[in-house]
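So the chains spell out like this:
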Amino acid sequence: MAKLAKKRNEDPNKYLIGIGQEKMAVIPPTQDAVTLAANAADTILTEEDKEKIDLVLVATESGVDNSKSSAAYVSELLGLKHNIRTLELKQACYAATAGIQLAKGHISLNPHKKALVIGTDIARYGLKTPGEPTQGGGAVAMVISADPAVLALEDASSYYAKDIMDFWRPLSQTEAMVDGKYSANVYLEFFEQVFHDFQEQTGLTLRDFTALLFHLPYTKQGLKALRLAVENIDPTQATKYFNEFEASRKYNKLTGNLYTGSLYLSLLSLLENSDNLQAGDRLGLFSYGSGAQGEFFSGILQENYRQHLTNKTTSLLNKRQEVSVAEYEKLFNSVLTNEKNRTLDTTSDPATYVLTGIKDFKRQYQKK
Ligand code: HMG
C-alpha cells in the first residue's frame, strides 16, 4: 500500500493509518467469484460434510452470470451431490450474513443436514479513484450444522434496511460507484441502530461480549464503529475491546475489502490471533451491505473450538507474490468481461480451481 500511495502522490500513512490497510489482494484474471469460492470451500470440507450438505448458498456481488448462480458451478466443481439446493444471494457485502441466517433456519428444520455458505468477491473501484486503496478480494467458506464446532449462533438478531445510494454497481459496469464519505457515515448509523436494538431486545450490554466484529471495507471503518460502541465505558475496560479488534483486523489489513467475506475473514482473524478468547465467550458481529442492510447478531465460542482452526491463513497469505503497481494495473485491466471467446494462461496460478477462459460465452473452469 505504501508503494501504491507513492505512485498516487499520497502520503503512505494515509493508506497505512488513515485507511488502515497494509496490503491489497490483487486477483489475477484466472480467478473469479466461482473459483475463489471453490478454492475456499475445498480447504475445509470433510467427506462427512459433503455427504450431509444439501444447501449451498453463495453470496456475492461479483457474480459471473445474470441468470445461473455461482453456487451451481461451485457445487459441481466441489463434487457435491446433486440432490441439493444451490442459490446465489446478493445484497452487497451483507449477503453472506443472510446466507448464514437462512441456513440456520434450514438446519433447524433439518438437523441431520448441513449447509455450505460462501462469501466470495472481488472489490473493484477503479485505478486512481479514492476507493482504490480499499479494493481487495477473496472468499470465506463456512459450514452450518446443528452441532457447531467453532461458534454457536444465538437466536436474537437485529436488522435494519433502507433504500439508499451509498455504493452501487449498474449492470453494465465492472467497477463500483460510491459516495464514499456518505457510505462511511451510513455504515456507522446502521451500526448504532442495530447494536442499540439488539441490546434492547436481549437485555445484553457491551460487557456481555468478549469482542465485537465488524464488516471491514477497510479496517479504519471498523475502528470508528468500535469507538462508538465503547464511548460510554471506562477507558481501561475499552482497552480489551481495542486489543481484540487488533487481532480481528490482522488478516483484513493484508487483503483489503472482501465484500461478502470481509466480516467472516475478520472472525477468522480474531480466532487465530487472539490469545484471550475461551470457550463460552460471546462474540458480537456487525454485518453491513451498502444499499443498504445492516444486522447485528451473536455467537458463543464452543468447547475445543481451537482444535478446529487450521491456522493456515498466515501461510496462505505469505505465499502470495508481490506485484509492482504497473503489473497490478495490467492485471486489473485484463479481467474477463463480456467477451465471447478467450483463453487464459493459468500456468502461474497455483490455485486448485482456475478459470481457463470463455468459449461461446460459457466460462471454462478447471480443477488442477
Ligand atoms: P478519501 O476521501 O481519499 O480519504 O477516501 P480521506 O481524505 O477521507 O482520508 C481517509 C482517512 O485518512 C481520514 O481519516 C484522513 O484523516 C486520514 P478519518 O477522517 O476517516 O478518520 N489521513 C491520514 N492519516 C494519517 N496520515 C496521513 C493521512 N492523510 C489522510 N498522512 C474513502 C476515503 C473511504 C471515502 C474512499 O477510500 C472510498 O470511497 N472507499 C470506498 C467506500 C467504502 O469503503 N465505504 C465504507 C462504508 S460502505 C461499506 O462498508 C460497504 C462496502 O463494503 C460495499 C458493499 O457493501 O458491497 C464498501
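Residues numbered from 1 in each chain as written. Predicted model: local features only at pLDDT ≥ 70, side-chain atom pairs only at ≥ 80, totals over all residues. Heavy atoms only, no water.

**Looking at the UniProt feature "binding site: (3S)-3-hydroxy-3-methylglutaryl-CoA" (unreviewed entry) in the protein chain**
The UniProt record marks D11, Y125, K224 and N257 with the feature "binding site: (3S)-3-hydroxy-3-methylglutaryl-CoA" (unreviewed entry), using the residue numbering of this structure. With respect to the helices, strands and loops of the structure, Y125 is situated in the loop between β3 (114-123) and β4 (136-144). Among the structural elements, K224 can be located in helix α8 (residues 219-229). (UniProt positions renumbered as here; feature names shortened; annotations may be inferred. Helix = DSSP H or I, 4+ residues; strand = E, 2+ residues; numbered from the N terminus.)

**Topic: the nonpolar core**
Y264, L271 and L283 are the most contacted members of the largest nonpolar core, which totals 35 residues. The dominant element in this core, judged by the number of residues it contributes, is helix α10 (residues 262-273), at six residues. When residues are assigned to domains, this core turns out to be shared by domain 1 (2-148 + 314-367) and domain 2 (151-308), each giving three or more. Ranked by size, the runner-up nonpolar core spans 29 residues in total, among them V186, F214, L226 and F286. (Core = buried A, V, L, I, M, F, W, Y, C linked by side-chain atoms within 4.5 Å. Buried < 20%, exposed > 50% of the residue type's maximum accessible area, 1.4 Å probe, protein only. Domains from an automatic or database assignment.)

**Topic: the domain arrangement of the protein chain**
Split into domains, the protein chain comes out as domain 1 (2-148 + 314-367) and domain 2 (151-308). On a C-alpha basis, the centroid separation for the pair domain 1 and domain 2 is 20 Å. With 46 residues of domain 1 at the interface, the matching set in domain 2 holds 43 residues. Taking both sides of the interface into account, the surface hidden between domain 1 and domain 2 amounts to around 3,500 Å²; carbon and sulfur atoms contribute 56%. There are three salt bridges connecting domain 1 and domain 2. A salt bridge links K104 to D155; the nearest nitrogen and oxygen atoms lie 3.8 Å apart. (Contact = heavy atoms within 4.5 Å. Buried area = accessible area lost by both parts, 1.4 Å probe. Salt bridge = Lys/Arg side-chain N within 4 Å of Asp/Glu carboxyl O.)

**With respect to the site of the ligand**
Among the 29 residues in the neighbourhood of the ligand, the closest are listed as K14, E61, C93, K220 and K224. In this structure, an oxygen atom belonging to the ligand sits 2.8 Å away from a main-chain N or O atom of P130. In this structure, an oxygen atom belonging to the ligand sits 2.7 Å away from a side-chain N or O atom of K220. Calculation on the ligand without its partners gives an accessible area of 1,100 Å², and the protein chains cover 76% of this total. Looking at the shell around the ligand, the elements with two or more residues in it are α2 (12-19), α7 (180-202), α8 and β9 (282-289). Residue composition of the shell around the ligand, grouped by class: twelve nonpolar, eleven polar and six charged. Each of two domains, domain 1 (2-148 + 314-367) and domain 2 (151-308), supplies a minimum of three residues to the shell around the ligand. (Near = heavy atom within 4 Å. Polar contact = N/O pair within 3.5 Å; in protein donor to acceptor, adjacent residues only side chain to side chain. Areas by Shrake-Rupley, 256 points an atom, 1.4 Å probe, with all protein chains shown as cover. Nonpolar A, V, L, I, M, F, W, Y, C, P; charged D, E, K, R; others polar.)

**Side note on the packing of helix α3 (residues 33-42) against helix α5 (residues 70-77)**
Closest axis-to-axis distance for the α3/α5 pair is 9 Å, and the angle between their directions is 40°. Overall, the two elements α3 and α5 adopt an arrangement that is oblique. Along this stretch, α3 crosses α5, giving a crossing that reads as right-handed. Where α3 abuts α5, its residues V34, A37 and A38 lie against S70, Y73, V74 and L77. Grouping the constituent residues of the contact of α3 with α5 by class yields six nonpolar, one polar and no charged. (Axes fitted to C-alpha atoms, helices over the stretch in contact; angles between N-to-C directions. Parallel < 35°, antiparallel > 145°, perpendicular 65-115°, else oblique. Left-handed = near helix turned anticlockwise from the far one by under 90°.)

**Describing the UniProt feature "domain: Hydroxymethylglutaryl-coenzyme A synthase C-terminal" (unreviewed entry) in the protein chain**
Residues given the UniProt feature "domain: Hydroxymethylglutaryl-coenzyme A synthase C-terminal" (unreviewed entry) here are residues 245-368. End-to-end, the C-alpha atoms of residues 245-368 are 37 Å apart, and along that stretch the chain is 29% helix and 26% strand.

**Some remarks on the sheet that holds strand β1 (residues 53-59)**
The four strands lie next to each other as β2-β1-β3-β4, forming an open sheet whose pairing is mixed. In this open sheet, the two strands that pair with only one neighbour each are β2 (85-89) and β4. Averaged over all neighbouring strand pairs, the angle between strand axes comes to 15°, with direction disregarded. Both β1 and β3 contribute to a ladder of six bridges, which runs parallel. In the strand pairing of β3, L55 is matched with A115. (Pairing = 2+ DSSP bridges.)

**With respect to the packing of α7 against α8**
A pair of packed helices can be characterised by two numbers: the angle between their axes and the separation between those axes. Where α7 contacts α8, the axes come no closer than 10 Å and their chain directions differ by 40°. If you check the angle between α7 and α8, you find them oblique. Every pair of crossing elements has a handedness; the one defined by α7 and α8 is right-handed. Contacts between α7 and α8 involve A184, Y187, L188, F191, E192 and F195 from the former and Q221, G222, K224, A225, L228 and A229 from the latter.

**Let's talk about the side chain of S274**
With respect to the element layout, S274 can be found in the loop between α10 and β9. At 2.7 Å, the side chain of S274 forms a polar contact with the side chain of E244. Of the polar contacts made by the side chain of S274, one reaches the backbone nitrogen of N276; its length is 3.2 Å.

**Quick look at the sheet that holds strand β11 (residues 342-343)**
Read across the open sheet, the three strands follow the order β11-β12-β13; overall the sheet is antiparallel. The open sheet is flanked by β11 and β13 (362-367), the only strands paired with a single partner. Bridge count between strand β12 (residues 353-359) and β13: six bridges; the pairing is antiparallel. Among the inter-strand pairings, K359 is bridged to a residue of β13, identified as K362.

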